[in-house]
Amino acid sequence: MKSLAVLHASQVVTLGGPKRPRVGTEMCELTIVRDGGMLIRDGKITSVAPSDQIEKNASNAEIVDAGGRIVLPGFVDAHTHLVFAGNRLDDFERRTRGESYEQIARAGGGIWSTVQKTRASSDADLLKQAKIHADWFLKCGTTTVEAKSGYGLTLEDELKILRVMRQLNEETPLEIVPTFLGAHAVPRETDAAEYIKLVIEEMLSRIAREKLAEFCDVFCERGYFDIEQSRRILTVARQFGLKLRIHADQLTNSGGAQLAAELKTTTADHLEKTNGQGIAAMKSAGVQPVLLPGSVHALGLSDFPRGREMVEAGLAIVIATDFNPGSSPTPSMPMILSLACTQMKLSPAEAITAGTINAAYSLNRGNKIGSLEPGKFANFSIFNCEDYRELAYWFGIPQTHSVYVRGRRAG
Ligand code: NIG
Ligand code: FE
């Protein structure tokens, strides 16, 4: 593959720094190269430097003129539910009439309604819709997403979703990191005990054997899976070699953050209702919080997770979209940056760190993506602005100019 030289960026926002997730004041250090450039060979970055220096070594390279715009690492969206059928427009409209997420779920909407549509959908139709979603992510400047199953809830339907993810990973430039979320809800045709037995005794072994997932997640919440059930599922998942994530304390403070700390999960996600004790427990266990302000916004709620406090406590926080049809129908990391700054009081720099390098580490890929440094994949986006803070500041307007994955134009 030919080499590529990116020239004349107002800022190359490299996120260069220590080879680990960033904490405390490190989250503000973006390591920016002004009037910067980048040299790329075989899909990997070979150097990042002022533009004039890059130009001197670019004689045989194809030139990408950033034209005074900013260049950032591709966003790493560490929490999505990317593969599902249909939408939840009725839930959305019911919420405008004041019904809550839990009320709507009891009344026949919610996760279960998406499960029914996803089960009825063929592999080909699911893949077709997932490709549309993948294109949205790329258009917003995201180059890697974690994607959860969880709208199948039978062995065959969960396998179907995970195989669609594998195919999506092969057929689109978006990189997919698969997570098994069989414990997303108890399907209506069975009871909790029987379903958990199925997850533990059949689904996990099959998924591990076929290497269809890297992580296992559980929706630990009132009416879904309680602490004891979540502990059992995650413990068995770990025995099968999966790494762990958990939906914790989203709607109620049920001790999910403490469970994450006890099991030393890689991440604990949501955390809207987590208190100071939960924050301290995650800190001592080295759990990375994944905060999802898009779901608070889209559900019309006001309790955002305590992101500022978590940064002050020294946690390596991540922000993500939680893209899903029910509680967070957005693929846009710039929208999440805006919410992180306005509602959780992160600085624009902290929000960018949380959506790139910290997110990459939470997906076990901190050595390959999440920053623009020699040796890493050339996954980057060019945005139509001069200052990185504009990404979080202007909202509701797409600012993406172009997106590259492994040195190739992808959006
Ligand atoms: O992260 N909390 C559970 N899962 C999703 C919602 C899924 C849905 O409503 O379809 C979430 O918010
Ligand atoms: Fe989620």
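Cut-offs and rules
- Residues numbered from 1 in each chain as written.
- Chains lettered and ligands numbered in written order.
- Predicted model: local features only at pLDDT ≥ 70, side-chain atom pairs only at ≥ 80, totals over all residues.
- Heavy atoms only, no water.
- Helix = DSSP H or I, 4+ residues; strand = E, 2+ residues; numbered from the N terminus.
- Rg over C-alpha atoms; globule rule 2.2 N^0.38 Å.
- Buried < 20%, exposed > 50% of the residue type's maximum accessible area, 1.4 Å probe, protein only.
- Contact = heavy atoms within 4.5 Å.
- Patch = residues over 30% accessible without salt bridge, like charges linked within 9 Å, V, L, I, M, F, W, Y side chains within 5 Å.
- Areas by Shrake-Rupley, 256 points an atom, 1.4 Å probe, with all protein chains shown as cover.
- Salt bridge = Lys/Arg side-chain N within 4 Å of Asp/Glu carboxyl O.
- 1 Å grid on protein atoms, 1.4 Å probe; cavity = no way out; pocket = protein on both sides within 12 Å on 5 of 7 lines; lining within 4 Å.
- Points joined across faces, edges and corners; volume = space filled by probe spheres on them.
- Nonpolar A, V, L, I, M, F, W, Y, C, P; charged D, E, K, R; others polar.
- Polar contact = N/O pair within 3.5 Å; in protein donor to acceptor, adjacent residues only side chain to side chain.
- Near = heavy atom within 4 Å.
- Sits in = over half its atoms within 2 Å of the grid points.

S.K.: What is the right way to read the overall build of the chain from this model?
M.R.: A tally of regular secondary structure across the chain gives 16 helices and 17 strands. A compact globule built from 411 residues should have a C-alpha radius of gyration of about 22 Å, and the chain, at 21 Å, falls within 12% of that. Viewed in the frame of its principal axes, the chain has a C-alpha envelope of about 65 × 45 × 45 Å. Per-residue burial for the chain yields a buried fraction of 60% across its 411 residues. Partitioning the contacts of the chain with sequence separation of at least 6, the portion at a separation of at least 24 is 72%.

S.K.: Before we go on, may I ask you to explain a nonpolar patch on the surface in this structure?
M.R.: A cluster of nonpolar side chains, namely Tyr393, Trp394 and Ile397, defines an oily patch on the protein surface of about 370 Å² accessible area. With respect to the secondary-structure elements, Trp394 resides in the loop between helix 16 (390–393) and strand 16 (400–405).

S.K.: Looking at this model, I keep getting lost on the layout of surface pockets. Mind explaining?
M.R.: Vacant regions in the atomic arrangement are exposed by a probe of water-molecule size rolled over the atoms. Put simply, the largest pocket is a space of about 290 Å³. The set of elements that each furnish at least two residues to the lining of the largest pocket consists of helix 3 (101–106) and helix 4 (110–120). Here the lining of the largest pocket is composed, by residue class, of 6 nonpolar, 3 polar and 4 charged.

S.K.: What's the story with the side chain of Glu146 in this structure? I'm lost.
M.R.: Mapped onto the elements, Glu146 comes out in strand 7 (residues 142–148). For Glu146, a relative accessible area of 0% gives the class buried. A polar atom in the side chain of Glu146 sits 2.7 Å from the side chain of Thr179. Sequence-distant contacts of Glu146, that is, excluding residues within four places in its chain, are made with Asp77, Ala78, His79, Thr80, Val177, Thr179, Arg245 and Leu363.

S.K.: Would you explain the site of ligand 1 in this entry?
M.R.: Close contacts around ligand 1 come from 15 residues, with Arg88, Tyr101, Tyr151, Gln250 and Ser327 the closest. The separation between an oxygen atom of ligand 1 and a polar side-chain atom of Ser327 is 2.5 Å. Considering ligand 1 on its own, with 320 Å² of exposed area, one finds that the protein chains cover 100% of that surface. Placement of ligand 1 is best described as lying within the largest cavity.

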